[in-house]
Amino acid sequence: MIGTTPAVGWYVFGVVPSDAAPAPGTYLVERGPLAAIAAEVSLAEFGEEVLPERLNDRAWLEEKVRVHEAVLQSFVGVTPVVPLRFGAIYHDLGDVRRLLAERGEGFEAVLERVRGRVELGVKAWFDPTRVTRPAAGSGREYLQQRRDELSSARDAAAVAAAAHERLASTADAAVVNRPHPRELTGRDEQMLLNGAYLVPDGDETFAAEVARLAEEQLGAGITFELTGPWPPYNFAEDDA
Amino acid sequence: MTALEEQVTLVELVDRVLHKGVVIAGDVTLSVAGVDLVYLGLRVLLASVATLEESR
């Protein structure tokens, strides 16, 4: 329609100290010691009526999720950042400033907690076929092997729990998330551990501990994967 | 990267971007915040994994 402006809103990615430099393509909306990382979005794309449908569009979702991550990632190792969950959208900048006013104390507490730290992810995977043991010859040996496999699966779960305890004691904070089901990972191995750990930026102690665990559990069919550094998504809540 | 590796990375990303971070009910998006968003994101991924499996 001629003469009408398309409706826009402000998408908020996260919160940083107000002296931070903005990420490319975003603005910093300041209020007191805090600033919201924000970008203008079209409500034709992000409006309440269309968003549920958009979220079912894999290509759209992937693009937007990657933008969200890239913006927050640009602060990692530079300045502390509080990640917001995907899809916080405001009508105008006054509303964004009101958010900073209302939740400011909590944001400041989280910024202090994550300052100088990064999130690392650790996943442990179990593959019973990789458990080191002699090959079965007779039927009895086969049955014994099946029993061993079942008990090694139980052992694997216990190993994952113990691994998390060890990693948590090396980190400043730790969170266990539900392992992803096979339908989601598309992998043959079973995910045993899906943990997130807050560690000092640049510290090698944690990665060394993961490598040590991996070495110890090689014969048990358990492998470890380290991901990150991530913005502190898992440590963003005030009460975490 | 293979399609499967890309999928794993996307799962990792969605796990954080859609399921973690501070929940703020923006005044535009109040009704899609929280549980619904998580559910929708996972459903999209499950559907796309199924597509990957079929195309193998």
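Note that the structure is predicted; figures quoted are calculated from it, not measured.

Further remarks concern the overall build of chain A. A count of helices and strands for chain A gives seven helices and eight strands. Its C-alpha atoms give chain A principal-axis dimensions of about 85 × 40 × 25 Å. Residues classed as buried in chain A amount to 36% of the 240 residues present. Here the contacts in chain A between residues at least 6 apart in sequence split such that 76% fall between residues at least 24 apart.

So, on to the sheet that holds strand S8 (residues 222-230) of chain A. Pairing between the strands of a sheet is mediated by backbone hydrogen bonds and can be parallel or antiparallel. Residues and elements named next belong to chain A. Pairing is antiparallel in the open sheet, where four strands are placed in the order S6-S7-S5-S8. Looking at which strands have only one partner, the edges of the open sheet turn out to be strand S6 (173-177) and S8. Shown here is a sheet whose adjacent strand axes are inclined to one another by a mean of 20 degrees, direction ignored. Two elements, S6 and strand S7 (residues 190-200), share five bridges in a ladder whose sense is antiparallel. Residue Ala-174 lies in a different strand from S7, and its bridge partner there is Tyr-197.

All names here are of chain A. The end-to-end C-alpha distance of helix H3 (residues 58-73), which contains 16 residues, comes to 22 Å, matching closely the 22 Å that a straight helix rising 1.5 Å per residue would cover. All buried positions along H3 are accounted for by Leu-61, Lys-64, His-68, Glu-69, Val-71 and Leu-72. When H3 is viewed along its axis, its buried side chains cluster within an angular range of 165 degrees and face the same direction. Structural note: H3 exposes Ala-59 and Glu-63 on the side pointing more than 90 degrees away from its buried face.

Look at the link from Gly228(A) to Pro229(A): it is a cis peptide, with omega at 5 degrees. Examined against the element boundaries, Pro229(A) turns out to sit in strand S8.

All names here are of chain A. Within strand S4 (residues 82-90), nine of the nine residues are buried, which leaves the element mostly enclosed by the surrounding structure. Taken together, the five bridges between strand S1 (residues 8-17) and S4 define a ladder with antiparallel strand orientation. Within S4, the position partnered with Gly-14 by the bridge is Pro-83.

This paragraph deals with the nonpolar core. Counting 62 residues, the largest nonpolar core has Val12(A), Ala36(A), Val96(A), Ala124(A) and Tyr197(A) as its most contacted members. A domain split of this core shows at least three residues from each of domain 1 (8-114) and domain 2 (117-235) of chain A.

Here we take up the domain arrangement of chain A. Residues and elements named next belong to chain A. Splitting chain A by domain gives domain 1 (8-114) and domain 2 (117-235). Measuring from the centre of the C-alpha atoms in domain 1 to the corresponding centre in domain 2 gives 33 Å. Each partner contributes to the interface: domain 1 provides nine residues, whereas domain 2 provides nine residues. Where the side of domain 1 that touches domain 2 is concerned, the elements lending two or more residues are H3 and helix H4 (93-114).

Right, let's get into the sheet that holds strand S3 (residues 34-42) of chain A. Residues and elements named next belong to chain A. The strand order S2-S3-S1-S4 describes an open sheet built from four strands, whose pairing is antiparallel. Each edge of the open sheet carries a strand with a single partner, namely strand S2 (27-31) and S4. Taken over all neighbouring pairs, the strand axes of this sheet differ in orientation by 30 degrees on average, direction set aside. Each of S1, S3 and S4 touches H3; the most contacted strand, S1, lies at about 35 degrees to it. Together, S1, S2, S3 and S4 form the strand contacts of H4, whose direction differs from that of S3 by roughly 140 degrees.

Taken as a whole, chain A shows an average pLDDT of 88; of its residues, 92% reach a score of 70 or greater. Here helix H2 (residues 51-54) of chain A stands out as the least confident element of chain A, with mean pLDDT 76; S2(A) is the most confident, with 97.

Rules and cut-offs
- Residues numbered from 1 in each chain as written.
- Chains lettered and ligands numbered in written order.
- Predicted model: local features only at pLDDT ≥ 70, side-chain atom pairs only at ≥ 80, totals over all residues.
- Helix = DSSP H or I, 4+ residues; strand = E, 2+ residues; numbered from the N terminus.
- Buried ≥ 20, exposed ≤ 12 C-beta atoms within 10 Å, placed from the backbone.
- Contact = placed C-beta atoms within 7 Å.
- Pairing = 2+ DSSP bridges.
- Axes fitted to C-alpha atoms, helices over the stretch in contact; angles between N-to-C directions.
- Expected span 1.5 Å × (residues − 1).
- Arc of directions from axis to C-beta.
- Core = buried A, V, L, I, M, F, W, Y, C linked by C-beta atoms within 7 Å.
- Domains from an automatic or database assignment.
- pLDDT = per-residue confidence, 0-100.

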